[in-house]
Amino acid sequence: MPGPSPLDDPKKAAYAWARYRRLMRFMFAFTVVTVIVALTVIYTQVENVSPHFFIATALGIGFSMLLMSALMGLVFLSSGTGHDESVENSLDKLDPQAPPPLDRRKARWKD
């Protein structure tokens, strides 16, 4: 049976989500700076570029950076609060005839 999640406590959850929002604000600012630098480099290095290229570049860099930071932020939130340890992910109980799991610390390299 899985244990209770630390995110069930309203104080811990509020602290964790505040930390996540702070991380996302920082990453949004970092993304804006990165997009501006990329567009400036393109503008100074390349001649005769369509405005659509700048729009597509800004949207592509911005969307991918914000998506990656949001997903990694959720990983940090889950791991940092102890929520990962409260999840039970054992499928061994479903198959009563399954062999016991191999302890890799005691196994030899040929096993």
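Data block above holds the structure.
Cut-offs and rules
Residues numbered from 1 in each chain as written. Predicted model: local features only at pLDDT ≥ 70, side-chain atom pairs only at ≥ 80, totals over all residues. Heavy atoms only, no water. Helix = DSSP H or I, 4+ residues; strand = E, 2+ residues; numbered from the N terminus. Buried < 20%, exposed > 50% of the residue type's maximum accessible area, 1.4 Å probe, protein only. Contact = heavy atoms within 4.5 Å. Areas by Shrake-Rupley, 256 points an atom, 1.4 Å probe, with all protein chains shown as cover. Phe/Tyr/Trp six-rings, centres within 6.5 Å; stacked < 30°, edge-to-face > 60°. Expected span 1.5 Å × (residues − 1). Patch = residues over 30% accessible without salt bridge, like charges linked within 9 Å, V, L, I, M, F, W, Y side chains within 5 Å. Salt bridge = Lys/Arg side-chain N within 4 Å of Asp/Glu carboxyl O. Lys, Arg positive; Asp, Glu negative; His and termini not counted. Charge placed at Lys NZ, Arg CZ, Asp CG, Glu CD.

Asks: Hey, could you run me through the overall build of the protein chain in this one?
Replies: Secondary structure assignment for the protein chain yields two helices and zero strands. Here the protein chain, with 111 residues, has 20% of them falling under the buried criterion. Contacts spanning at least 24 positions in sequence make up 75% of the contacts within the protein chain whose residues lie at least 6 apart. For the protein chain, the computed accessible surface area is about 9,300 Å², with 67% contributed by carbon and sulfur atoms.

Asks: Would you explain the packing of aromatic side chains in this entry?
Replies: The relative placement of two aromatic rings is captured by the distance of their centres and the angle of their planes. This model, assessed by the stated rule, comprises four aromatic pairs. Relative to Tyr20, the ring of Trp17 has its centre 5.5 Å away and its plane inclined at 85 degrees; by these criteria the two rings are edge-to-face. Linking Trp17 with Tyr20, this pair stays in helix α1 (residues 10–45), spanning three residues, or about one helical turn. In this structure Tyr20 comes out as buried when scored by relative accessible area, which is 15%. Between the aromatic rings of Tyr43 and Phe54, the centroid separation amounts to 6.4 Å while the plane-to-plane angle is 50 degrees, which identifies the pairing as tilted. Of the two residues, Tyr43 is situated in helix α1 and Phe54 in helix α2 (residues 51–81); the sequence distance between them amounts to eleven residues. Tyr43 gets classed as exposed once you look at its relative accessible area, which sits at 63%. Linked through ring pairs, Tyr43, Phe53 and Phe54 together constitute an aromatic cluster.

Asks: Would you mind going over α1 with me for this structure?
Replies: Working note: α-helix, 3.6 residues per turn, so residues spaced by three or four point in the same direction. Counted at 1.5 Å a residue, the expected span for α1 with its 36 residues is 52 Å, and the 52 Å between its end C-alpha atoms agrees. Residues of α1 that are buried include every one of Ala13, Ala16, Tyr20, Met24, Met27, Thr31, Val35, Ala38 and Ile42, and no others. Contacts made by the buried residues of α1 are with α2.

Asks: Teacher, can you tell me more about α2 here?
Replies: In a regular helix each residue adds 1.5 Å, so 31 residues correspond to 45 Å; α2 covers 44 Å between its end C-alpha atoms and thus fits that length. Residues Phe54, Thr57, Gly62, Met65, Ser69, Ala70, Gly73, Leu77, Ser78 and Thr81 constitute the buried set of α2. Elements that come into contact with the buried residues of α2 comprise α1. Phi for Gly82, located one or two positions after α2, is positive at around 90 degrees.

Asks: Sorry if this is basic, but what is going on with a positive patch on the surface here?
Replies: Together, Arg19, Arg21, Arg22 and Arg25 make up a region of like positive charge exposed at the surface. Position of Arg21 among the secondary structure elements: in helix α1.

Asks: How should the side chain of Ser69 be read in this particular structure?
Replies: For Ser69, the location among the structural elements is in helix α2. Filtering out sequence-adjacent residues up to four positions away, Ser69 remains in contact with Met24 and Met27.

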